[in-house]
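# What the coordinates show
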Amino acid sequence: MGERAESLHGWEVTPQEAVALQNALRERLVLQPPAGLRVSHVAGADISTETGNVLGYGGFVVLDAVSLRPVEHAGAAVALSFPYVPGLLSFRELPVLLAAWNRMVQKPDLVIFDGQGIAHPRRFGIACHGGLLLGVPSIGCAKSLLVGKVGPLGEARGETAEIHHRGEVVGMAVRTRRGVSPVYVSPGHLMDLPTAVEWVLRVSPRYREPETTRHAHRFVNALRTAG
DNA sequence: GCGACAG
DNA sequence: ATCTTGTCGC
C-alpha cells in the first residue's frame, strides 16, 4: 500500500517549519500534465472566514467541464490553527479543504485554487501544495500578485503577459474579460503553464474569475452564513 | 534597514 | 479573507 497523500505531514507546525516543508515538498512537484489528460470534471476550492471566529468554512464545487454546470459540492468547517502569513497560505486553508475533499463522491480531474501555484517565493503556493496532497492536477488562479512583475498586457480577452520572478517565468497574467484587471495563473501540480492558461480561459467565459472559483466562493459563504 | 505581502 | 453605503457604469 502506498502512503496516503493526506498524511505526508502534520499541520501543527511553526512558520519556520512550514517554510522547511515547502522547500522539501517542492521537489515532488510534477510541472507537466499527465499524458493524455482528460478532464471531464473540474473543481473550484475556497474558504470563508468570519472576523472574531476561529472556524473556517471550506469546500469544493465540481463542475461538468463542458457545460460548466455544478454536479456536486462538498464542504467542511474546521478550526483554523495557522494564521494568515503571506507565502504560507496553504497551511491555513488546506486542513479544512482536505476535510471537505474526503466528503466528496465525484472527485474532479482538475482543481483550480484561489491563490498561487509556482508564482510563489519558494515555488510552492497553495495550488502546488493542494495538488500534491490530493494527487490531482491543479492550477493556481489568483486575483493579485504575491511575487514577480508583469509587463504590458493587451486589452482583449485572452491576452496574456508573463509573470517574471528572479529570472524565471513563473506564471501568466491572463485577461479573462475585456476592460477588467487580469487574473494571475500559474501551474500547481501535474500541470504546465500553457495548459493552465488554456483551462482558466475555458472556465472563465464571461466573468473575470473562473466559474469554478465563483461557485466555490458562493458555496462556502453560504456555509458560513448558515452556521 | 526598508518595502512588499495570495487569502 | 471580512467589515460596510453608496455610487458609477453598462
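Residues numbered from 1 in each chain as written. Chains lettered and ligands numbered in written order. Predicted model: local features only at pLDDT ≥ 70, side-chain atom pairs only at ≥ 80, totals over all residues. Heavy atoms only, no water.

For the record, the criterion: UniProt positions are given in the numbering used here, feature names are shortened, and annotations may be inferred rather than shown by experiment.
In the nomenclature of an unreviewed UniProt entry, chain A is known as Endonuclease V of Stigmatella aurantiaca. UniProt annotates chain A under Cofactor (unreviewed entry) with the comment "Mg(2+)". Chain A has a UniProt comment under Catalytic activity (unreviewed entry) that states "Endonucleolytic cleavage at apurinic or apyrimidinic sites to products with a 5'-phosphate."

### Some remarks on the side chain of glutamate 72
Threshold: Numbered from the N terminus, helices here are DSSP runs of H or I no shorter than four residues, and strands are runs of E no shorter than two. Partly exposed describes any residue whose relative accessible area lies between the buried limit of under 20% and the exposed limit of over 50%, with all areas from a 1.4 Å probe on protein chains only and scaled to the type maximum. The convention is simple: Lys and Arg are positive, Asp and Glu are negative, and His and the chain ends are not counted. By definition, a salt bridge exists where a carboxyl oxygen of Asp or Glu is found within 4 Å of a side-chain nitrogen of Lys or Arg. Throughout this description, a polar contact denotes any pair of N or O atoms lying within 3.5 Å of each other; where both atoms belong to protein, one of them has to be capable of donating a hydrogen while the other can accept it, and for residues adjacent in sequence the pair is counted only when both atoms sit in side chains.
Locating glutamate 72 in the fold gives a position in strand β3 (residues 70-79). With no salt bridge to any partner, buried glutamate 72 finds its closest opposite charge in lysine 107, at an N-O distance of 7.1 Å. Within polar-contact distance, the side chain of glutamate 72 engages the backbone nitrogen of glutamine 106 at 2.7 Å.

### Focus on the protein's contact with DNA strand C
As a reminder of what qualifies: Any residue with a non-hydrogen atom lying within 4 Å of a molecule or strand is treated as near it. Basically, the charged four are Asp, Glu, Lys and Arg, the nonpolar ten are Ala, Val, Leu, Ile, Met, Phe, Trp, Tyr, Cys and Pro, and anything else, Gly included, counts as polar.
Residues in contact with DNA strand C, as listed here, are Ser48, Thr49, Thr51, Lys143, His217, Asn221 and Arg224. Separating a phosphate oxygen of DNA strand C from a side-chain N or O atom of serine 48 is a distance of 2.8 Å. For DNA strand C, a phosphate oxygen lies 3.4 Å from a polar atom in the side chain of histidine 217. Elements with a minimum of two residues in the surface near DNA strand C: β1 (41-49) and α5 (211-226). It is α5 that contributes the most residues to the surface near DNA strand C, 3 residues altogether. Tallied by class, residues from the surface near DNA strand C come to no nonpolar, 5 polar and 2 charged.

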